[in-house]
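One letter stands for each residue in the lines below.
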Amino acid sequence: MSNLSDIGTIRDIMQRHGFSFSKGLGQNFLINPTVCPRMAELGGANERSGILEIGPGIGVLTAELAKRARHVAAIELDDRLLPVLAETLADFSNVHVIHGDVMKLNLATIIAEEFADCDEIAVCANLPYYITSPVIMNLLESRLPVKSVTVMVQKEAADRICAPVGSRKSGALTVAVHYYAVPETLFKVSRGSFMPPPNVDSAVIRMTVRETLLFDVGDEKVFFSMVKAGFSQRRKTLSNSLTSGGFLTRTQAAEALSGADIAPNTRIEALNMEGLACLSRNISGLLK
Ligand code: SAM
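Computed from a predicted model, the values in this text were never measured in an experiment.

Student: Let's hear about unusual backbone geometry: which residues, and what values?
Tutor: A cis amide bond links Met195 with the next residue in sequence, Pro196, at an omega value of -15 degrees. By the secondary structure assignment, Pro196 is in the loop between strand E8 (194–195) and strand E9 (202–209). Residues other than glycine seldom take positive phi values, yet Arg143 does so here, at roughly 50 degrees. In this structure, Asp261 takes a positive phi of about 60 degrees despite not being glycine. Relative to the assigned elements, Asp261 resides in the loop between helix H11 (250–259) and helix H12 (273–287). By relative accessible area, which is 74% here, Asp261 ends up exposed.

Next up, the structure:
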């Protein structure tokens, strides 16, 4: 099998298949040969594991996953890449390419069908950046039976996701990810590692999914509404951000904050997970 991170090989494949990059689909293909083996190793690909990949492109990461994992299922939206993948992955009998939109497919069903004989399941992907947040949230919120989610994202997104909750860099996505998982940055990847090069650097992050949820937030729906209301006006004090969008009345906000022992002029970005969970429990009690 040819080297799929080699620029000459990629050009040859593109020419023979009449393929051109689609910016709209976030098509930046990896040309740095060290990245995919590292991602596959750190992303949980081993003889017992099933790996779900999103956006295989021409299969550069898929091949490294297939060398190590028991089974790989790769979801690709661009039908022009299907004949390419049939060629580049022809040597592997343990890969199934699924044509479809990751945002529309039922991932729980795919996982149940694809990985019945695997002992553990992980997600490993170089994500299309235009859907980074919804894909990550969809994977975590659905409580899929996956051990970890290892993805390449924009460096800025990696910094935000991995920031400690309760720091100025944190946001609604930070809180949501920390609720479901333990995120960490594994390594950085420069923009020159891609063809064509994107305008930003990237990083590979791993989110190890919590087997049991650590934080008692009361009503989960209330928790996520609170986080959304707080961070959509993050510079405002909690007594203002929780009320101005109509989420709570002034009286409810005052009662919930004092019940959680939080000063009304606190900003949401100053609260750690315990503080957010405590406030959410109080609000859940009031809105019951
Ligand atoms: N894995 C390859 C690599 O590392 O070189 C390609 C990664 S590229 C950043 C993102 C890939 O996701 C492209 O192949 C693109 O066609 C695919 N893609 C874009 N939107 C998608 C979607 N909604 N569902 C599934 N795949 C998608």
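Student: Now, about the pairing of strand E2 (residues 49–54): what can you tell me, with residues and values included?
Tutor: Working note: regular strand, side chains alternate between the two faces of the sheet. Most of E2 sits out of view: six of its six residues are buried. With burial as the criterion, each face of E2 is covered, one bearing Ser49, Ile51 and Glu53 and the other bearing Gly50, Leu52 and Ile54. Where E2 meets strand E5 (residues 120–126), four bridges bridge the pair, whose relative direction is parallel. When the bridges of E5 are listed, Leu52 appears paired with Val123. Alignment of E2 against strand E3 (residues 71–76), held across five bridges, turns out to be parallel.

Student: Describe the site of the ligand, naming the residues involved and giving the relevant values.
Tutor: Surrounding the ligand, one finds 24 residues, the nearest of these being Leu30, Gly55, Glu76, Asn126 and Tyr130. Contact between the ligand and Gln27: an oxygen atom at 2.9 Å from a side-chain N or O atom of the residue. In this structure, Gly55 approaches the ligand through a main-chain N or O atom, which is 2.9 Å from a nitrogen atom. In the complex, 99% of the free accessible area of the ligand, which totals 600 Å², lies under the protein chains.

Student: Which residues make up the sheet that holds E2, and what are the values?
Tutor: Spatially, seven strands are ordered E4-E3-E2-E5-E6-E9-E7 in an open sheet, and the strand pairing comes out mixed. Strand pairing shows two members of the sheet lacking a second neighbour, strand E4 (95–99) and strand E7 (181–189), which therefore form its edges. The average angle at which neighbouring strand axes cross in this sheet is 20 degrees, direction not considered. Helix H5 (residues 107–114) rests against E2, E3, E4 and E5 of the sheet, and its axis sits at about 150 degrees to E3.

Definitions and cut-offs
Residues numbered from 1 in each chain as written. Predicted model: local features only at pLDDT ≥ 70, side-chain atom pairs only at ≥ 80, totals over all residues. Heavy atoms only, no water. Helix = DSSP H or I, 4+ residues; strand = E, 2+ residues; numbered from the N terminus. Buried < 20%, exposed > 50% of the residue type's maximum accessible area, 1.4 Å probe, protein only. Pairing = 2+ DSSP bridges. Near = heavy atom within 4 Å. Polar contact = N/O pair within 3.5 Å; in protein donor to acceptor, adjacent residues only side chain to side chain. Areas by Shrake-Rupley, 256 points an atom, 1.4 Å probe, with all protein chains shown as cover. Axes fitted to C-alpha atoms, helices over the stretch in contact; angles between N-to-C directions. Contact = heavy atoms within 4.5 Å.

The values are spatial; any link to function lies outside them.
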